[in-house]
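# Notes for the structure review
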Amino acid sequence: MAESTSTNKTVPYSTGDSKIGESTIAEMRELAARYPVGRSALLPMLHLVQSVEGRVTPEGIEACAEVLGLTGAEVSAVATFYTMYKRRPVGDYHVGVCTNTLCAIMGGDLIFERLTQHLMVGNDETTEDGKITLEHLECNAACDYAPVMMVNWEFFDDMTPESATQLVDDLRAGTEVKSPRGATICTWKEAERVLAGFPDGRADEGPTGGKATLAGLRLARERNWTAPSGQASGTAPVQSAPGPRPEDQPGRESQAVHSDDTRKED
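Residues numbered from 1 in each chain as written. Predicted model: local features only at pLDDT ≥ 70, side-chain atom pairs only at ≥ 80, totals over all residues. Heavy atoms only, no water.

## Description of the packing of helix 1 (residues 22-33) against helix 2 (residues 42-53)
The geometry of helix 1 relative to helix 2 is characterised by a closest axis approach of 10 Å and an angle of 160° between their N-to-C directions. Considering their axes alone, helix 1 and helix 2 lie roughly antiparallel with respect to each other. Two packed elements cross with a definite hand, and for helix 1 against helix 2 that hand is right-handed. Contacts from T24, E27, M28 and L31 in helix 1 reach P44, M45, L48, V49 and V52 in helix 2. Residue composition of the contact of helix 1 with helix 2, by class: 7 nonpolar, 1 polar and 1 charged. (Axes fitted to C-alpha atoms, helices over the stretch in contact; angles between N-to-C directions. Helix = DSSP H or I, 4+ residues; strand = E, 2+ residues; numbered from the N terminus. Parallel < 35°, antiparallel > 145°, perpendicular 65-115°, else oblique. Left-handed = near helix turned anticlockwise from the far one by under 90°. Contact = heavy atoms within 4.5 Å. Nonpolar A, V, L, I, M, F, W, Y, C, P; charged D, E, K, R; others polar.)

So, in structure tokens, the structure goes:
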């Protein structure tokens, strides 16, 4: 059992210690200038707020509204709609466990239950040391590796209750952790800055695809399957394209990572 307990405490609407300064405002304007209509930059701007504040704060909402010429209510409506925007402080590592249908069947519910006991926190709560925020997530669109987890939005595949507890222990201990299909894990705030549109130069770090993901393509090539060539009246014919070969994909090196994957592909 972990030593720390949850920081499930009421957070004031405004803490009065906003870190949003002129440099952040300048970056907000930079983001707005990237779009034909400035308000299209609201989503990345909210990620930028989280990279600075650790959550979406009232001051962050007002700053976005002022730069974009919106009302605070309009910005708040967006910030409260999407689950990636948090109103309570997030720990150094946001750990999400997929508990949607397939992952749940494959063990996601057991993983989440084990982590709540191990970390002594509930859903959307943070450990006392501020390291881990735990949340159950809806589908992560990685069913081919179910059950999956995410740490600061990087995938961890084919997880078990044991590997999940080891993962959070490594994160809390400061051990370097790498995603099997992504970059070395950085902090929540660093990840939020990347999502805001300020790359950290690590986009190509680590494999991206994997054996399970490419199984359908390999099978289609082995059996010479192609897309249907029929056409509806008045439309151009659908062309069957060979598509990229698995060995040409950026994630080809991940096949070695998952070389022990013995699941049937038929």
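Read on for the rest.
## So, the pattern of salt bridges
The full count for this structure, using the stated rule, is 12 salt bridges. Between R88 and D124 there is a salt bridge; the shortest N-O distance is 3.7 Å. On the criterion of sequence distance, the pair formed by R88 in the loop between helix 4 (72-79) and strand 1 (93-98) and D124 in the loop between helix 5 (101-119) and strand 2 (125-126) is long-range, its members being 36 residues apart. Look at R88 and you get partly exposed, because its relative accessible area is 28%. A salt bridge links R114 to E162, with the nearest nitrogen and oxygen atoms 3.6 Å apart. Of this pair, R114 sits in helix 5 while E162 is found in helix 6 (residues 161-173), placing the two residues 48 residues apart along the sequence. Taken together, the salt bridges that share partners define one network made up of E176, K178, D200, R202 and E205. (Salt bridge = Lys/Arg side-chain N within 4 Å of Asp/Glu carboxyl O. Buried < 20%, exposed > 50% of the residue type's maximum accessible area, 1.4 Å probe, protein only.)

## Some words on the packing of aromatic side chains
Tallied over the full model, the rule gives 3 aromatic pairs. Ring centres 4.9 Å apart and planes at 80° place the aromatic pair F81 and Y82 in the edge-to-face group. On the accessibility criterion, Y82 (38% relative accessible area) is partly exposed. These aromatic residues form a ring-pair network of at least three members: F81, Y82 and Y85. Stacked on the ring of F155, the Lys or Arg R181 has its end atom at 4.7 Å from the ring centre. Taking the ring centre of F198 as reference, the NZ or CZ of R193 above it sits at 4.5 Å. (Phe/Tyr/Trp six-rings, centres within 6.5 Å; stacked < 30°, edge-to-face > 60°. Lys NZ or Arg CZ within 6 Å of the ring centre and 35° of its normal.)

## Description of unusual backbone geometry
Of note, the bond from A146 into P147 is cis; its omega dihedral lies within 30 degrees of zero at 0°. Note on placement: P147 falls in the loop between strand 3 (132-137) and strand 4 (149-151). The residue M120 is not glycine, and still its phi comes out positive at about 60°. Although it is not a glycine, D158 sits at a positive phi angle of roughly 50°. Within the element layout of this structure, D158 appears in the loop between strand 5 (154-156) and helix 6. What makes D158 partly exposed here is its relative accessible area of 32%.

## Topic: the nonpolar core
Core analysis: the largest hydrophobic core is formed by 24 residues, its most contacted members being M28, L42, M45, L46, C64 and V75. Elements that contribute at least two residues to this core include exactly helix 1, helix 2, helix 3 (58-68) and helix 4. Sort the elements by how many residues they give to this core and helix 2 lands first, with 6 residues. Setting aside chain neighbours within four positions, we find L46 in contact with V56, C64, V75, V78, A79 and Y85. Counting residues in each nonpolar core, the second largest holds 20 residues, with V95, V97, L134 and L171 among its members. (Core = buried A, V, L, I, M, F, W, Y, C linked by side-chain atoms within 4.5 Å.)

## Here we look at the sheet that holds strand 4
Taken together, 5 strands build an open sheet; the order of strands is 2-3-1-4-5 and the sheet is mixed. Every interior strand has two partners, whereas the edge strands, strand 2 and strand 5, have only one. Two strands pair when backbone bridges link them, and strand 2 and strand 3 are joined in this way by 2 bridges, in the antiparallel orientation. Within the sheet, the bridge partner assigned to T126 lies in strand 3 and is T133. Sheet contacts for helix 5: strand 1, strand 3 and strand 4; angle to strand 1, the most-contacted strand, approximately 140°. (Pairing = 2+ DSSP bridges.)

Geometric descriptors of this kind do not, in isolation, establish any biological role.
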